[in-house]
Each structure stands twice: as structure tokens, then as C-alpha cells.
Amino acid sequence: MHEPEISRWTLIRDMLIFQAKLAMDAIRDLLLSPVSIICGLIDILKGHTLSKSYFHKLMAFGQQSDSWLNLFGNHNKSAENTDVMGSQKTKVDVTVDQLFLQVESLLKDQHGKGGLTASAKASIDRYLNKIVANKDSGRVK
């Protein structure tokens, strides 16, 4: 059975989106780490209940941001998650994937109009084709 090939531009797009999402995830983690410690200490010192717990509210925010990022998930699924405070589902209105789709749509429109992205794409294609040709000619020798 013949497996379909992935286009060069689809792979480049997917790699760039993944790297951007990894960067956002890393920044979120760096910010949440000290904030979670502070929230936990405040909860301990004030003796907060579960419904008033800053730490558990932060965990709910973390779950929502995971759904928003959708780092490894299917980009076509709607992002839903379970709230830490209960079992009700909360739906994320806008995801990173939707934002990237809007940007991609804008770039495709510009490309269709023959704008800057069309000439940039052509230049990158020529450069990548040269790299592939050089790599292939190196194997023959």
C-alpha cells in the first residue's frame, strides 16, 4: 500500500507551529512555577477551602491553557477540558491552532494575490531544491 507523501510546505508549517507552541508552553511553565508556590503558601497560611484555593484555581487555569495550546493534539478537535473544581466541561473559545489558521489563511490570500509571500515562497523553494539536488548528487559519487 502506498503511503501519501507530505508536502514540503506542510511539514515546514507544522514544524514552525510546533516550535512556537513549545516556546509558549515553556514560557507558561516558567511563569506558573513560582506563582504556584506562592499560591500554595498563601493557601496554607490562610487555610483556604478547596473552593477558595488559589493553588487549585491556578491548576484550573493551567488545564485551560493546556487546551488552548493543544501542543500534541489533533488540530481539528474542539478544545475541551474538565474543571478542577467540578466535573463540568469548559470549552476554550479560541485556540492557538485557530490563530495559526487565521495567519495561514492571510498568507495564502497574499500569496494568491502575488504579494511578497509569493516571491518569498519561490525563493525558498529554489533554495530548498538546490539543497536537495546537492544532497542527491553527493550520494551518486
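Report follows, based on the coordinates. (Residues numbered from 1 in each chain as written. Predicted model: local features only at pLDDT ≥ 70, side-chain atom pairs only at ≥ 80, totals over all residues. Heavy atoms only, no water.)

## A closer look at the pattern of salt bridges
Filter applied, for reference: Whenever a carboxyl oxygen of Asp or Glu lies within 4 Å of a side-chain nitrogen of Lys or Arg, that contact is scored as a salt bridge.
Overall, the coordinates contain seven salt bridges when judged by the stated rule. In this structure, Asp29 and Arg28 form a salt bridge, with 3.2 Å as the shortest nitrogen-oxygen distance.

## As for the environment of Asp66
For clarity, the threshold we go by: Each helix is a run of DSSP H or I of at least 4 residues and each strand a run of E of at least 2, with the numbering of both proceeding from the N terminus. The buried label goes to any residue with under 20% of its type's maximum accessible area, the exposed label to any with over 50%, and the partly exposed label to all in between, with areas taken from a 1.4 Å probe on protein chains only. Should any heavy atoms of two residues lie within 4.5 Å, those residues are counted as being in contact.
Its location among the elements puts Asp66 in helix H2 (residues 54-69). Asp66 gets classed as partly exposed once you look at its relative accessible area, which sits at 43%. As a C-alpha pair, Asp66 and Asp25 span 41 residues in sequence and 8.3 Å in three-dimensional space. Aside from chain neighbours lying at most four places away, what touches Asp66 is Asp25 and Arg28.

## Section: the layout of surface pockets
To keep things clear, this is the line we draw: Cavities and pockets are defined on a 1 Å grid built over the protein atoms alone: a cavity is a set of grid points where a 1.4 Å probe fits but cannot escape, while a pocket is an open set with protein on both sides within 12 Å along at least five of seven lines, and lining residues are those with an atom within 4 Å of any such point. Grid points are joined across faces, edges and corners, and a volume is the space filled by probe spheres set on the points. Classification convention: Asp, Glu, Lys, Arg as charged; Ala, Val, Leu, Ile, Met, Phe, Trp, Tyr, Cys, Pro as nonpolar; all other residues, Gly among them, as polar.
Its boundaries defined by the atoms lining it, the largest pocket holds a volume of some 590 Å³. Lining of the largest pocket is provided by 16 residues; of these, Trp9, Arg13, Glu104, Leu107 and Lys108 occupy positions nearest its centre. Breaking the lining of the largest pocket down by element, the ones donating at least two residues are helix H1 (8-46), helix H3 (96-112) and helix H4 (116-140). Here the lining of the largest pocket is composed, by residue class, of nine nonpolar, three polar and four charged.

## Focus: the packing of H1 against H3
Put simply, the test is: Here an axis means a line fitted to C-alpha atoms, over the contact stretch when the element is a helix, while the angle between two N-to-C directions is reported on a 0 to 180 degree scale. Geometric relationships in this document are graded by angle, where less than 35 degrees denotes roughly parallel, more than 145 denotes roughly antiparallel, 65 to 115 denotes roughly perpendicular, and other angles denote oblique. Two helices crossing with the near one rotated counterclockwise from the far one by less than a right angle form a left-handed crossing, whereas a clockwise rotation gives a right-handed crossing.
Across the interface, H1 lies against H3 with an axial gap of 12 Å and an inter-helix angle of 135°. In terms of axis orientation, H1 runs oblique to H3. In this structure, H1 crosses over H3, and the sense of that crossing is right-handed. Listed contacts from H3 to Arg13, Ile17, Ala20, Lys21 and Met24 of H1 are Val96, Asp97, Phe100 and Glu104. Tallied by class, the residues present in the contact of H1 with H3 amount to five nonpolar, no polar and four charged.

## Some words on the environment of Asp43
Keep this limit in mind: Think of a polar contact as two N or O atoms within 3.5 Å of one another; within protein, one of them needs to be a possible hydrogen donor and the other a possible acceptor, and neighboring residues in sequence only count if both atoms come from side chains.
Structurally, Asp43 is set in helix H1. Counting along the chain gives 13 residues from Asp43 to His56, while the straight-line C-alpha distance between them is 9.5 Å. Ignoring anything within four residues of it in the chain, the contact list for Asp43 reads His48, Lys52, Ser53, Tyr54 and Phe55. A distance of 2.8 Å separates a polar atom in the side chain of Asp43 from a polar atom in the side chain of His48.

## Regarding unusual backbone geometry
Trans is the common state for peptide bonds, and a negative phi is the common state for residues other than glycine. Even without being a glycine, Asn70 presents a positive backbone phi close to 50°. Relative to the helices and strands, Asn70 is located in the loop between H2 and strand S1 (80-82).

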